[in-house]
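Fold and geometry: a report
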Amino acid sequence: MLPPRPVRRVAGPVLLGLLVAGVVLLPVLAVVALVASFFLPGRLRALRLLAFALVYLAMEVAGLVAAAVLWVAGGAGRAVRARRWRAAHYTVLRVLLDVVMRAAQRLFALRLVTDGESWSPLDDGMPGSTNAMVVLSRHAGPGDSFLLVNTLMNRDHLRQPRIVLKDTLQLDPLIDTFLNRLPNSFVSAGPGAGERAERAIADLARDLGEEDALLIFPEGANATPRRRLRAIQRLRDRGLVAAARRAEAMRHVLPPRPGGVVAALQAAPHADVVLVAHTGLEHLDSVRDVWRELPMDKTLHLRWWFVPAAEVPRGEAELTDWLYRWWETIDAWITTTSAAEDTGR
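Since we're looking at a predicted model, the values are computed, not measured.

Let us look at the packing of aromatic side chains. Within this structure, the stated rule accounts for 4 aromatic pairs. Taking 6.4 Å as the distance between ring centres and 35° as the angle between the ring planes, the aromatic pair formed by Phe52 and Tyr56 counts as tilted. Taken as a pair, Phe52 and Tyr56 lie in helix H4 (residues 45-73) at a separation of 4 residues, close to a single helical turn. Each ring, one from Phe52 and one from Phe108, has its centre 5.2 Å from the other, and the planes form 50°; the classification is tilted. Taken together, the residues Phe52 in helix H4 and Phe108 in the loop between helix H5 (83-107) and strand S1 (110-114) connect sequence positions 56 residues apart. The two residues Phe52 and Phe108 agree in class, both being buried.

Another point: the confidence of the model for the protein. Per-residue confidence for the protein gives a mean pLDDT of 83, with 86% of residues at or over 70. In the model of the protein, helix H1 (residues 5-8) stands out as the element of lowest mean pLDDT, 51, in contrast to helix H10 (residues 241-249), which has the highest, 95.

Moving on, we get to the environment of Leu97. Relative to the helices and strands, Leu97 is located in helix H5. C-alpha of Leu97 to C-alpha of Met59: the two residues are 38 residues apart in sequence and 8.3 Å apart in space.

Below, the discussion takes up the environment of Ala310. With respect to the helices and strands, the residue Ala310 is situated in the loop between strand S7 (298-307) and helix H13 (316-344). Separated by 39 residues in the primary sequence, Ala310 and Ala271 have C-alpha atoms spaced 9.0 Å apart.

All right, on to the pairing of strand S2 (residues 133-137) then. Regular strands place their side chains on alternate faces of the sheet. Counting buried residues along S2, 5 of its 5 residues qualify, which places the element largely inside the surrounding structure. Neither face of S2 is left uncovered, since the one carrying Met133, Val135 and Ser137 and the one carrying Val134 and Leu136 both have all their residues buried. Of the pairings in the sheet, the one linking S2 to strand S5 (residues 212-216) comprises 4 bridges and is parallel in character. What sits directly across from Val134, in S5, is Leu214. Examined bridge by bridge, S2 and strand S6 (residues 272-279) share 5 bridges and lie parallel to one another. Residue pairing for S6: Leu136 is matched across the bridge by Leu275.

The next point concerns the pattern of salt bridges. Tallied over the full model, the rule gives 9 salt bridges. The closest approach of N and O atoms between Asp321 and Arg325, which form a salt bridge, is 3.0 Å. One end of the pair, Asp321, and the other, Arg325, are both in helix H13, 4 residues apart, so they sit about a helical turn from each other. Via salt bridges that share partners, Arg246, Asp321, Arg325 and Glu328 belong to a single interconnected network.

Moving on: the packing of H4 against helix H7 (residues 173-181). Two numbers describe how H4 lies on H7: the axes approach to 9 Å, and their chain directions differ by 35°. Viewed along their axes, H4 and H7 form a crossing whose handedness is left-handed. Side by side, H4 and H7 meet where Met59, Glu60, Gly63, Leu64, Ala67, Leu70 and Trp71 of the first sit next to Pro173, Leu174, Thr177, Phe178 and Arg181 of the second.

On to unusual backbone geometry. Residues other than glycine predominantly adopt negative phi, and peptide bonds predominantly adopt the trans conformation. Located in the positive-phi region is Ala109, a residue other than glycine, with phi close to 55°. As for its position among the elements, Ala109 is in the loop between H5 and S1. Its relative accessible area of 16% is what places Ala109 among the buried residues.

So, on to a nonpolar patch on the surface. Together, Val20, Val24, Leu25, Val28, Leu29 and Val32 line one region of the surface with nonpolar side chains, adding up to about 510 Å² of accessible area. Residue assignment for the nonpolar patch shows that the elements contributing at least two residues are helix H2 (11-24) and helix H3 (26-38). It is H3 that provides the largest number of residues to the nonpolar patch, a total of 3 residues. Summarising the element assignment, Val24 is placed in helix H2. Look at Val24 and you get exposed, because its relative accessible area is 61%.

Let us now look at H7. Burial of H7 is extensive: 7 of the 9 residues sit out of reach of the surface. Structurally, the start of H7 carries an N-cap: the backbone nitrogen of Leu174 is 2.9 Å from a side-chain oxygen of Asp172.

Before going further, it helps to examine the packing of helix H9 (residues 225-237) against H10. When two helices pack together, their arrangement is given by the angle between the helix axes and the distance between those axes. In contact at an axis separation of 7 Å, H9 and H10 are set at 160° when each is read in the N-to-C sense. Regarding the angle of H9 to H10, the classification is roughly antiparallel. Judged by the sense of rotation from one axis to the other, the crossing of H9 with H10 is left-handed. On H10, the residues that touch Arg228, Ile232, Leu235 and Arg236 of H9 are Val241, Ala243, Ala244, Arg245, Ala247 and Glu248. Taken together, the residues of the contact of H9 with H10 break down into 6 nonpolar, no polar and 4 charged.

Quick notes on the rules
The residue numbers shown here count from 1 along each chain, following its written sequence. Note on the predicted model: pLDDT of at least 70 is required for a residue's local features to be given, and 80 or more for side-chain atom pairs to be given and counted; whole-chain, interface and lining totals, by contrast, use all residues. Only hydrogens and water are set aside when side-chain values are computed; all heavy atoms of the structure are taken into account. Any two of the Phe, Tyr and Trp rings considered here, Trp counted by its six-membered ring, make a pair once their centres fall within 6.5 Å; the pair's planes then place it as stacked at under 30 degrees, edge-to-face at over 60, or tilted in between. Helix and strand definitions follow DSSP, with helices as H or I runs of at least four residues and strands as E runs of at least two, each counted in order from the N terminus. For every residue, the accessible area obtained with a 1.4 Å probe (protein chains only) is divided by the maximum for its type, and the residue is called buried under 20%, exposed over 50%, and partly exposed between those limits. Confidence per residue, as judged by the predictor, is encoded in pLDDT with a range of 0 to 100. DSSP calls a pair of strands paired once it identifies at least 2 bridges connecting them. Within this document, salt bridges are pairs made up of a side-chain nitrogen of Lys or Arg and a carboxyl oxygen of Asp or Glu, the two lying within 4 Å of each other. Every axis in this analysis is a line fitted to C-alpha atoms, fitted for helices over the stretch in contact. Angles between the N-to-C directions lie between 0 and 180 degrees. Handedness of a crossing is defined here by the sense of rotation of the near helix relative to the far one, left-handed for an anticlockwise turn of less than a right angle and right-handed for a clockwise turn. In this analysis, two residues are considered to be in contact whenever any of their non-hydrogen atoms come within 4.5 Å of each other. Any residue with relative accessible area above 30% and no salt bridge may belong to a patch, with like charges joined within 9 Å and the nonpolar Val, Leu, Ile, Met, Phe, Trp and Tyr side chains within 5 Å. Note that accessible areas follow from Shrake-Rupley with a 1.4 Å probe, and for residues the cover is restricted to the protein chains shown. Polar contact criterion, stated in full: a pair of N or O atoms within 3.5 Å, where within protein one must be able to donate a hydrogen and the other to accept it, and residues adjacent in sequence count only if both atoms are side-chain atoms. Each angle gets one of four labels, with under 35 degrees taken as roughly parallel, over 145 as roughly antiparallel, 65 to 115 as roughly perpendicular, and the rest as oblique. Ten residues, namely Ala, Val, Leu, Ile, Met, Phe, Trp, Tyr, Cys and Pro, are considered nonpolar, four, namely Asp, Glu, Lys and Arg, are considered charged, and the remaining ones, Gly among them, are considered polar.

See below:
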């Protein structure tokens, strides 16, 4: 069970203390990290991790300071529903997340490549587009949600993302503070979690505006071989034999769970849909995997597809079949892209 909010707020001063200690002890920590790097595989692994940790701590503290300033400027939170108040919070998040993602790309040798034929969230949309957007993405690898949110909030397009998250993420004080002030929803695990998530998704979708993007991961978790087998078995246990067969034919993704997608698209029939595939980090499922690969020296490939609202089916059965067809497309793209990447090495 998640600790109560007063307990969670202790994390803020702790982060500030860690940042101060890190800055004061930086010469010592840098020497220790440099020496340790000689005994670890990879190039300057410990030094890179130290640099990223300091950047992350600095952004956490800067974000909490900015949140305090915005709270005071907003009349102790009384302006919570004001458009300008919300936009200011998104601006701060965009800047902080951009700094963190740039640091990660440079320190861990990550490259981001978008498919040349891909629709881009920086495009102006399609003829007749309402611009309200529901984004459906595969879930694989560390930090993919941060990457997608960062892309959607790019300063050239300024989307305002909405997302349903696990309530344990509120242990991060920056996430706890900002995302609870903005239209997002935290859901707890346990019995009924799926239904609670679907209700939260529908609530977030109903008033999607032209600057908003609701981000959903239909697979529900990072795709791994073990999770894939369990998901297929659950379909069989529920008597969904045809869906299980389709899931077995998809080698790289988990079978999508249609509940949240149906809830969003029925609540927001005016919203266009963007589907996102990516590949390059899916084999990194644990902290141990990430540690072993640092610096990663990876290329992350992205592919976006745009579907206007008028072309999205509305019935539950039709939406479920439509979602599976798109996930089969995503699986095929991953197969082709991964094969091309292996050939080019």
